[in-house]
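Close look at the chain arrangement
Letter by letter, the chains look like this.
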Amino acid sequence: MRVDGPRRRDWVVTPARDRQNPRDDRAIAEYMVTMKIAVGVLACALASCSEAKPKEVPSARASVEEREESDESGAKTEVQAQLEALKTPSQQPLAVKRLYQLFEDTMTKDKNDRNGPNVKALVDEISRPLDTLCLDATVKERQRSYLVKLVAELRDARAEACFKKTLEDYVPDSTEEDVQVVLRAVTALKLKSLAPEVMKTFTRMEFARAKVAAVKTDMANAVVAVVGPAQEGELVKLLEAPMSDQDQGASKNQAYWQTVSARALGEIGSDKAVRPLIKVILSPGKSAIANAAVVALVKIGKPSVAPAEKLLRGEDLELVAYAKEQAALGGAKDKTSNRSEERRV
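What you see is a predicted model, and the numbers here were worked out from it, not measured in a lab.

The rules behind the values
- Residues numbered from 1 in each chain as written.
- Predicted model: local features only at pLDDT ≥ 70, side-chain atom pairs only at ≥ 80, totals over all residues.
- Heavy atoms only, no water.
- Helix = DSSP H or I, 4+ residues; strand = E, 2+ residues; numbered from the N terminus.
- Buried < 20%, exposed > 50% of the residue type's maximum accessible area, 1.4 Å probe, protein only.
- Contact = heavy atoms within 4.5 Å.
- Areas by Shrake-Rupley, 256 points an atom, 1.4 Å probe, with all protein chains shown as cover.
- Axes fitted to C-alpha atoms, helices over the stretch in contact; angles between N-to-C directions.
- Parallel < 35°, antiparallel > 145°, perpendicular 65-115°, else oblique.
- Nonpolar A, V, L, I, M, F, W, Y, C, P; charged D, E, K, R; others polar.
- Polar contact = N/O pair within 3.5 Å; in protein donor to acceptor, adjacent residues only side chain to side chain.
- Core = buried A, V, L, I, M, F, W, Y, C linked by side-chain atoms within 4.5 Å.
- Disulfide = S-S within 2.5 Å.
- Phe/Tyr/Trp six-rings, centres within 6.5 Å; stacked < 30°, edge-to-face > 60°.
- Salt bridge = Lys/Arg side-chain N within 4 Å of Asp/Glu carboxyl O.
- Left-handed = near helix turned anticlockwise from the far one by under 90°.
- pLDDT = per-residue confidence, 0-100.
- Patch = residues over 30% accessible without salt bridge, like charges linked within 9 Å, V, L, I, M, F, W, Y side chains within 5 Å.

Some words on the overall build of the protein
- Along the backbone of the protein there are 16 helices and 0 strands.
- Across the 345 residues of the protein, 34% fall into the buried class.
- For the protein, the share of sequence-separated contacts (at least 6 apart) that also reach a separation of at least 24 residues comes to 65%.
- For the protein, the accessible area works out to roughly 22,300 Å², and carbon and sulfur atoms hold 53% of it.

Comments concerning the side chain of Q326
- In this fold, Q326 is placed in helix α16 (residues 317-344).
- The buried category is assigned to Q326, whose relative accessible area is 13%.
- Discounting chain neighbours no more than four positions away, the residues touching Q326 are L282, S283 and P284.

Quick look at the environment of D136
- Positionally, D136 belongs in the loop between α4 (117-134) and α5 (141-154).
- A sequence separation of 26 residues divides D136 from C162, and the C-alpha atoms of the two residues are 9.8 Å apart.

Observations regarding the packing of helix α12 (residues 248-268) against helix α14 (residues 290-300)
- Between α12 and α14, whose axes approach to 8 Å, the crossing angle comes to 10°. Looking at the two axes, α12 sits roughly parallel to α14. Only A292, A293, A296, K299 and I300 of α14 make contact with α12, whose side of the interface consists of T259, A262, L265, G266 and E267.
- Of the residues that constitute the contact of α12 with α14, the class distribution is 6 nonpolar, 2 polar and 2 charged.

A closer look at the side chain of T201
- By the secondary structure assignment, T201 is in helix α8 (residues 195-204).
- Within polar-contact distance, the side chain of T201 engages the backbone oxygen of E197 at 2.9 Å.
- Filtering out sequence-adjacent residues up to four positions away, T201 remains in contact with L167, Y170, V179 and M219.

Points about the nonpolar core
- Core analysis: the largest hydrophobic core is formed by 78 residues, its most contacted members being L99, L130, F163, F202, M219, V223 and L277.
- For L277, the residues in contact, after removing those within four places along its chain, are L239, A262, A293, A296, L297 and I300.

Notes on the state of the cysteines
- If you walk through the whole model with that rule in mind, you get 1 disulfide.
- A sulfur-sulfur distance of 2.1 Å marks the disulfide that ties C134 to C162. Every disulfide takes its handedness from the sign of the S-S torsion; for C134 and C162 that torsion is 70°, giving right-handed. With C134 in helix α4 and C162 in helix α6 (residues 160-168), this residue pair connects regions lying 28 residues apart in the sequence.
- With a relative accessible area of 0%, C134 lands in the buried category.

Structural notes on the packing of aromatic side chains
- Tallied over the entire structure, the rule returns 4 aromatic pairs.
- Plain terms: the ring middles of F202 and F207 are 6.3 Å apart, the flat faces sit at 55° to each other, and that makes the pair tilted.
- Look at F202 and you get buried, because its relative accessible area is 0%.
- Ring centres of F207 and Y256 lie 4.0 Å apart, and the angle between their planes is 40°; this geometry places the pair in the tilted category. One end of the pair, F207, is in the loop between α8 and α9 (210-213); the other, Y256, is in helix α12, with 49 residues separating them in the sequence.

Quick look at the pattern of salt bridges
- Across all of its chains, the model carries 14 salt bridges by this definition.
- Connected through salt bridges with shared partners, the residues R275, K279, D316 and E318 form a single ionic network.

What about α8?
- Of all the positions in α8, only A195, E197, V198, M199, T201 and F202 are classed as buried.
- Buried residues belonging to α8 abut α6, α7 (176-189), α10 (216-226), α11 (232-240) and α12.

Structural notes on the environment of A290
- By secondary structure assignment, the location of A290 is in helix α14.
- When the C-alpha atoms of A290 and L277 are compared, they prove to be 8.3 Å apart, with 13 residues separating the residues in sequence.
- Residues in contact with A290, not counting those within four places in the same chain, are V280 and I281.

Overview of the packing of α6 against α8
- The geometry of α6 relative to α8 is characterised by a closest axis approach of 9 Å and an angle of 25° between their N-to-C directions. In terms of orientation, α6 lies roughly parallel with respect to α8. Taken as a pair, α6 and α8 cross one another with a handedness that is left-handed. Across from K164, L167 and E168 in α6, the residues of α8 making contact are E197, V198, T201 and R204.
- Broken down by class, the residue content of the contact of α6 with α8 amounts to 2 nonpolar, 1 polar and 4 charged.

Things to note about the confidence of the model for the protein
- Mean pLDDT over the protein works out to 83, with 74% of the residues at or above the 70 mark.
- Counted against residues more than four places away or in other chains, residues 8-19, with its pLDDT under 50, gives 5 contacts.
- Segment residues 334-345: pLDDT under 50, and 0 contacts once partners within four positions in sequence are set aside and those in other chains are kept.

Examining a nonpolar patch on the surface
- Together, I281, V294 and V298 make up a nonpolar patch on the protein surface, roughly 250 Å² of accessible area in all.
- Here I281 shows up in helix α13 (residues 274-282).

As structure tokens, this is what we get:
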């Protein structure tokens, strides 16, 4: 069925542009302007945020690294200040002590590794100035002792002049501690260039003395570490020296010198020492050295075999005669000792 009349449009949404109400058009225009302003403000804000860098919050690790860098910078500045103080005699004692503290702190930082980066850098900086000060004759004895200890602890071959002076200036019952720390450094560094000074101090020290007794192990290690063929003749001569029966102190010295000499000759592999070492074993008066002599012959190796075999077969007439002579002397000493003991009873 057809319905006449105009169509109803009240249910159709008419676009704003089709509306003829001027108020609606004005509202839309104002709304658009407002939106444009809002979009512009937002765009500007976004641009500003993208250009501005956010404030960085330092991490814990970054803070630690910055603190360590600051500490290192401060330590370097202090090291330089202490090195400058070494140039003034009145400031030297405190400067040396402070440098020692800085060295110990740096060792701790590098977990007691002398090859650690911080330790090596510090040693490179302070070794030469300390070595120069060690050679200064005006430095007082007490201060020099502390200085020598620090230089030795650095374990730096560039301080060889200081080590040499300390060994050459050895004074019995006075500078044993200085000699001891230097011997430890010489052994660790294997400074064979100082073998003459080590040998000279070795033969000058009387090891029956109480103060020297504490140095015995370090001296033996140093001699074995640095001597070479150039000292072979001197070591053999020490080994061949007779033992004293009258002086107990001299006997102790000889026993020590000859024991260390035997060890050193074994390390060198000395052919010349084979017969003297065999004579030590054949001497009842050198029984305290016999074990060291046997070990030395074993270390020397092949050159020791033929002389030992000839002796056992009785073909080395010289050594056979020496063995008989020593056996007779040993028997005579035993008789004398027994008679003395009977008189005491």
